[in-house]
Amino acid sequence: MKKTKKRVLGLLGLVLVVITTIFAAFLPGPEASAEGGITSVTDTISVRVVGSVPDILNVKPINGSVFIYPDQDLSFDYENVEYLTITIRYTDKDDVEHIIPLLEKDDPESFVDYIPGSYSTPLDLLAEDYGYGEYRVEIVGIGFNDVKDFETVEFALYPVVGEANEADDGKVYLDLQYDTENENINTIGINIYDENGNLVNVLSPITVNAPDMRVELPFAENNLPTGNYRIEITAYNAEGEALYKPYITYYYYEMIPVPNTGALFSNLNISRTDYLVTGLIIFFLAAILGIVFIVKGRSNKSRLNKKRR
């Protein structure tokens, strides 16, 4: 009786093992778990190394930039920063400085909570609070224990700028750059000064009417000496009012000496009139001698004919 029970239990266990094996064999594998066949998934992870102190970097515009168009963008990257602040210091044509807070600590956008990122905002430099002039943008990133990173960028907005260069034809031209669609720009005045700060009257002033972009500077035609000349360019409105301080550029002009073809007589103090009078005298003398020779030749020929007869 006991042996029969053991056999029955053994058979039941064997059947259970077989059933489990068969069940496991028909389970779907990982590669068949997705409907429609085998698929693969690739994850791309971008890693950015973040420093332990606040850092403001990649600030734009580039420091020292000069613009003629008012629409510009201010942008920069930051890391390990809790708060950001941005202040613009604008100096107008009367040298009056205006302090304009662009982003303050209480602004929701200022709180970046140590998450690395980028900041960008458009600037209209001819908006109500701005204008032609010089700009200084101060950016502060505040981190743990009020540790700060302080970055600045300086740039300027002029109504007109320019640069003088010698062209292929040997003449000097001043090429102007300005917004020709700016209705506030009516005329452009140009004054040229020598190395001693004296106004070069034979060249100044020069008036350019918008939208002209190039003007000739006749240095050679006026026999100007070699030197570094200062060129001041000012934009005026229709009422003749200057829109901003002059834009200053420089041009080094080198006078090319004219070859002296009369070096043999250059130290004899002989004027050009003397040369002309002397030339005329020589011409008349040569003419008289020519006439004498002709008359004398005819006379000799006449005598020879008489002797032959």
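It should be noted that the structure appears before, not after, this text.
Now for a look at the structure at hand. (Residues numbered from 1 in each chain as written. Predicted model: local features only at pLDDT ≥ 70, side-chain atom pairs only at ≥ 80, totals over all residues. Heavy atoms only, no water.)

1. Quick word on the side chain of S75
Put simply, the rule is: Going along the chain from the N terminus, every DSSP run of H or I of four or more residues is numbered as a helix, and every run of E of two or more is numbered as a strand. We call two residues contacting when some pair of their heavy atoms lies within 4.5 Å.
In this fold, S75 is placed in strand 3 (residues 71-79). Every residue in contact with S75, bar those within four places of it in the chain, is listed here: N58, V59, K60, Y119 and S120.

2. Considerations on the pairing of strand 11 (residues 187-193)
Definition in use: Three labels apply to residues, based on accessible area from a 1.4 Å probe with only protein chains included: buried if under 20% of the type maximum, exposed if over 50%, partly exposed otherwise in between. Two strands make a pair as long as DSSP finds a minimum of two bridges between them.
Counting buried positions along strand 11 gives 6 out of 7 residues, so the element sits mostly inside the fold. Relative to strand 12 (residues 206-209), strand 11 runs antiparallel, the two sharing 4 bridges. Directly across from I188, in strand 12, lies its bridge partner V208. The pairing of strand 11 with strand 14 (residues 227-236) spans 7 bridges and is antiparallel. Looking at strand 14, one finds that I192 is bridged to I231.

3. Re the environment of L103
Its place among the elements puts L103 in strand 5 (residues 97-103). Note on L103: relative accessible area 3%, which makes it buried. For the pair L103 and V140, spaced 37 residues apart in the sequence, the C-alpha separation amounts to 9.9 Å. Residues within four places of L103 in sequence aside, it is in contact with L84, T85, I86, E109, S110 and Y119.

4. Observations concerning the sheet that holds strand 9 (residues 160-166)
Quick reminder of the rule: Axes here refer to lines fitted to C-alpha atoms; in helices the fit is confined to the stretch in contact. Angles between the N-to-C directions go from 0 to 180 degrees.
The 3 strands lie next to each other as 9-10-13, forming an open sheet whose pairing is antiparallel. The sheet is open, and its two borders are formed by strand 9 and strand 13 (214-216), each paired with just one other strand. Looking at each pair of strands side by side, their axes are set apart by 25° on average, direction ignored. Pairing between strand 9 and strand 10 (residues 172-178): 7 bridges, direction antiparallel. Within strand 10, the residue paired with V160 across the bridge is Y178.

5. Side note on the sheet that holds strand 12
In space, the 4 strands of this open sheet follow the order 12-11-14-15, with antiparallel pairing throughout. Either end of the sheet is taken by a strand with one partner, and the two such strands are strand 12 and strand 15 (247-253). Each neighbouring strand pair of the sheet contributes to a mean axis angle of 25°, computed without reference to strand direction.

6. Some words on the packing of aromatic side chains
We count it as follows: Two aromatic rings from Phe, Tyr or Trp, using only the six-membered ring of Trp, form a pair when their centres are within 6.5 Å; if the ring planes differ by under 30 degrees the pair is stacked, by over 60 it is edge-to-face, and anything between is tilted. Geometrically, a charge over a ring is one whose NZ (Lys) or CZ (Arg) sits within 6 Å of the ring centre while staying within 35 degrees of the ring normal.
This structure, assessed with the given rule, holds 12 aromatic pairs. Between Y135 and F155, the ring centres sit 5.4 Å apart and the planes meet at 10°, which makes this aromatic pair stacked. Of the two residues, Y135 sits in strand 7 (residues 133-142) while F155 sits in strand 8 (residues 148-157), which places them 20 residues apart along the sequence. The class for Y135 is buried, based on a relative accessible area of 3%. Of the residues examined, F155 reaches a relative accessible area of 5% and is grouped as buried. In textbook terms, an aromatic cluster arises when at least three aromatic residues are bridged by ring pairs, as seen for F67, Y90, Y130, Y135 and F155. The ring of Y83 has K105 sitting right over it, with the charged end atom 4.9 Å from the ring centre. Cation over ring: R230 sits above Y193, and NZ or CZ is 4.5 Å from the ring centre.

7. Regarding the pairing of strand 7
Judged by how many residues are buried, strand 7 sits mostly within the fold: 8 of 10 residues are covered. Sheet topology places strand 4 (residues 83-91) next to strand 7; 9 bridges connect them, and they run antiparallel. Pairing of R89 across the sheet is with R136, part of strand 7. The loop that links strand 7 with its antiparallel partner strand 8 comprises 5 residues; one of these, N145, has a positive phi angle of about 60°.

8. A word on the environment of Y158
For Y158, the position within the fold is in the loop between strand 8 and strand 9. We classify Y158 as buried; its relative accessible area is 12%. Once you skip the residues sitting within four places of it in the chain, Y158 turns out to touch V66, F67, I68, Y132, Y244, K245, P246 and Y247.

9. Focus on the environment of Y114
In this fold, Y114 is placed in the loop between strand 5 and strand 6 (117-124). As a C-alpha pair, Y114 and E82 span 32 residues in sequence and 4.9 Å in three-dimensional space. If we ignore the near neighbours within four places in the chain, the residues touching Y114 are N80, V81, E82, G143 and F144.

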